[in-house]
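What follows is the residue order along each chain.
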Amino acid sequence: MDLTLVATGILIGIGVNAPVGPTNVMCIHRAIRSGVTSALAAGAGAFVADVLFAGMAAFGVSAAAAFVEGHLPVIKVVGAAVLLAFGVKLLYAPSSVTRDPANDTRASLLRAAGTSFALTVTNPAVLLGFFAIFGGLAGIGDNPGDFGTAALLTLGVAIGSAAWWLALSMGASHLAERIAEKWLARINMLSGGGLAIFGFVLLLGVALGY
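Worth saying up front: this structure is predicted, and the values here are computed from it rather than measured.

Now for the overall build of the protein. Assigned secondary structure in the protein consists of 9 helices and 0 strands. Overall, the protein shows an N-to-C arrangement of helices and strands of α-α-α-α-α-α-α-α-α. When burial is assessed residue by residue, the protein has 40% of its 210 residues classed as buried. Restricting to contacts in the protein with at least 6 residues of sequence separation, those with at least 24 account for 91%. On the protein, roughly 10500 Å² of surface is accessible, and the fraction owed to carbon and sulfur atoms is 72%.

Written out as structure tokens, the structure reads:
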């Protein structure tokens, strides 16, 4: 096993998730409101999307990238709708930091995973970003049939992505114990407002032909 390829994949898995985005906001918010289990459920959806995109990029499924490029307006509209819905939900979320076990029901955890998956797969920049990164790696773009290399890179991305969401969930859950309710209310407002605005900008961009 070429551990260099796995290590490269791990760095990619962490790098694509580290920038602050809607799924990170969702994960942190659920960690504060409901604990690490709820946050991990949110991270699980993004993890599945990461591995799916990494696999398509590593194994050279270029048809997927072509599909995304050909349907960008539709994907942007769907992504904007998800962002608006999630942003508005955060704006009206309770500001209590008291952990509510009812939020950790199976249905709630599945909704969290489904929402984070939707937030990730409707972001064309994530898929195209994977293709750009993998295409720039020596040998990957020129040898799409090298399944061994592709498998090791995808494994690395899976490890990196899982490590990121585990660390973020545990870290945010730990910090939640020190957050006052007035701060959570501000976090809800800033996070929800920011996501809703971003969703509106996406819709505006589609309407203007960008």
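That covers the picture; the talk isn't over yet.
Membership of the largest hydrophobic core comes to 18 residues, with the highest contact counts inside it found for M26, C27, F86, L119 and L195. Discounting residues that sit within four places of it in the chain, L119 has contacts with P22, T23, M26, V82, L83 and F86.

In this structure, G209 sits in the segment after α9 (181–207). Along the primary structure G209 and P73 are separated by 136 residues, whereas in three dimensions their C-alpha atoms are 8.4 Å apart.

On the surface, I197, F200, V201, L204 and L208 cluster together into a nonpolar patch covering about 500 Å² of accessible area. Mapped onto the fold, L204 is located in helix α9. Overall, the relative accessible area of 40% leaves L204 in the partly exposed class.

If you trace the backbone, S116 turns up in helix α6 (residues 106–121). If near-sequence neighbours (up to four positions away) are discounted, S116 is found in contact with T23, M26, A41, A42, G45 and A46.

A few words on the environment of S191. Looking at where S191 falls in the secondary structure, it is placed in helix α9. A C-alpha to C-alpha distance of 7.0 Å links S191 and L90, two positions 101 residues apart in sequence. Excluding its chain neighbours within four sequence positions, the residues that come into contact with S191 are V25 and L90.

At a closest axis distance of 9 Å, the pairing of helix α2 (residues 22–34) and α6 adopts a crossing angle of 160°. What the angle tells us is that α2 and α6 run roughly antiparallel. Viewed along their axes, α2 and α6 form a crossing whose handedness is left-handed. In this structure, α2 uses P22, T23, M26 and R30 to contact α6, whose residues at the interface are S108, A112, T115, S116, L119 and T120.

What follows is about α2. With 13 residues, α2 should cover 18 Å at 1.5 Å per step; its first-to-last C-alpha distance of 18 Å lies within 8% of that length. The buried count for α2 comes to 11 of 13 residues, which makes it a mostly enclosed element. Of the positions making up α2, those classed as buried are T23, N24, V25, M26, C27, H29, R30, A31, I32, R33 and S34. Two residues or fewer past α2, G35 is found with a positive phi of approximately 105°.

This part takes up helix α1 (residues 3–15). End to end, α1 covers 18 Å across 13 residues, agreeing with the expected 18 Å (1.5 Å per residue, within 8%). Inspection of α1 places L5, V6, G9, I12 and G13 among the buried residues, and these make up the whole buried set. All buried residues of α1 fall inside an arc of 120° around its axis, so they share one side. Of the exposed residues in α1, those oriented more than 90 degrees away from the buried face are L3, T4 and L11.

Here T120 is to be found in helix α6. Judged by relative accessible area, which is 7%, T120 ranks as buried. Of note is the side chain of T120, whose polar atom sits 2.9 Å from the backbone oxygen of S116. If near-sequence neighbours (up to four positions away) are discounted, T120 is found in contact with T23, A46, A49, D50, F53 and V126.

The rules we used
Residues numbered from 1 in each chain as written. Predicted model: local features only at pLDDT ≥ 70, side-chain atom pairs only at ≥ 80, totals over all residues. Heavy atoms only, no water. Helix = DSSP H or I, 4+ residues; strand = E, 2+ residues; numbered from the N terminus. Buried < 20%, exposed > 50% of the residue type's maximum accessible area, 1.4 Å probe, protein only. Contact = heavy atoms within 4.5 Å. Areas by Shrake-Rupley, 256 points an atom, 1.4 Å probe, with all protein chains shown as cover. Core = buried A, V, L, I, M, F, W, Y, C linked by side-chain atoms within 4.5 Å. Patch = residues over 30% accessible without salt bridge, like charges linked within 9 Å, V, L, I, M, F, W, Y side chains within 5 Å. Salt bridge = Lys/Arg side-chain N within 4 Å of Asp/Glu carboxyl O. Axes fitted to C-alpha atoms, helices over the stretch in contact; angles between N-to-C directions. Parallel < 35°, antiparallel > 145°, perpendicular 65-115°, else oblique. Left-handed = near helix turned anticlockwise from the far one by under 90°. Expected span 1.5 Å × (residues − 1). Arc of directions from axis to C-beta. Polar contact = N/O pair within 3.5 Å; in protein donor to acceptor, adjacent residues only side chain to side chain.

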